[in-house]
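Structural characterization, general
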Amino acid sequence: MDPPRAPYRAQARAELPTPFATFTLSVYTDDDDKEHLAITLGDVAERREPAPLLRIHSECLTGDALFSLRCDCGFQLEHALQRIAVEGRGALLYLRQEGRGIGLANKIRAYALQDQGHDTVEANVRLGFPADARNYDIALAILADLGMARVRLMTNNPRKIKALNDAGIEVVERVPIECGRNPHNESYLTTKAGRLGHLMRTPESG
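Figured I'd write up the structure that's included with this text. (Residues numbered from 1 in each chain as written. Predicted model: local features only at pLDDT ≥ 70, side-chain atom pairs only at ≥ 80, totals over all residues. Heavy atoms only, no water.)

1. Remarks on the side chain of Asn157
Tracing the chain through its elements places Asn157 in the loop between β6 (150–154) and α7 (158–166). Here Arg159 takes part through its backbone nitrogen, which lies 2.9 Å from a polar atom of the side chain of Asn157. (Helix = DSSP H or I, 4+ residues; strand = E, 2+ residues; numbered from the N terminus. Polar contact = N/O pair within 3.5 Å; in protein donor to acceptor, adjacent residues only side chain to side chain.)

Dropping the structure here:
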């Protein structure tokens, strides 16, 4: 089945040199005027084996830019770009969905609740939000514009797999992306596995 028809087109595109590779950076604007990024390397639309790597990464200012150890986001971002660079083909979609979709201020409020002993799910719920408020409509639109119909998805989140499969994008392989575990995020990662269903090993499982 073909991916959904893209309602969006890239608004701007340029090269992005990084320590790992020189990627192509494309900017997409959604209906709420939020700007999202596609960071690509090689011909991601070409139908050949292996299918290109794909990471759908939600914005995390504290982890991605400020080196926070409270989550694994920054570690995952760097690992994904490195892995795509090694393979020479793939895409990372950087979605503006801070705090699993609740925004930066509310994420910091949730952090304050976590400092009081609530886990990441309880904190969101106490603020009046679902445990995960993200949706992947813009990701599907970007993938359609990029022509990516078969992917190897770097994720621990089964919701992302389901969103792609439901839209007709074939996830031929789930590539685990587990990195950055440390004493500051141990409880957070355990909660993601136990309460959000993320496919992650626990320290006890090795």
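2. Side note on a nonpolar patch on the surface
Together, Leu61, Leu66, Leu104 and Ile108 give the surface a local cluster of nonpolar side chains, amounting to about 330 Å² of exposed area. As for its position among the elements, Leu61 is in helix α1 (residues 61–65). The exposure class of Leu61 is partly exposed, given its relative accessible area of 37%. (Patch = residues over 30% accessible without salt bridge, like charges linked within 9 Å, V, L, I, M, F, W, Y side chains within 5 Å. Areas by Shrake-Rupley, 256 points an atom, 1.4 Å probe, with all protein chains shown as cover. Salt bridge = Lys/Arg side-chain N within 4 Å of Asp/Glu carboxyl O. Buried < 20%, exposed > 50% of the residue type's maximum accessible area, 1.4 Å probe, protein only.)

3. Here we look at the environment of Ala163
Examined against the element boundaries, Ala163 turns out to sit in helix α7. The spacing of Ala163 and Arg55 is 108 residues in sequence and 13 Å in space, taken between C-alpha atoms. Among all residues touching Ala163, those that are not within four sequence positions of it are Tyr136 and Leu140. (Contact = heavy atoms within 4.5 Å.)

4. Observations regarding the pairing of strand β2 (residues 22–29)
In this structure, strand β1 (residues 12–17) lies alongside β2, joined through six bridges in antiparallel fashion. Bridge pairing in β2 links Ala12 to Val27. In the sheet, β2 pairs with strand β3 (residues 35–41) via six bridges, with the strands oriented antiparallel. Along β3, the bridge assignment pairs Thr24 with Thr40. The turn joining β2 and β3, which pair antiparallel and follow one another in sequence, is formed by five residues; a positive phi near 65° is taken by Asp33. (Pairing = 2+ DSSP bridges.)

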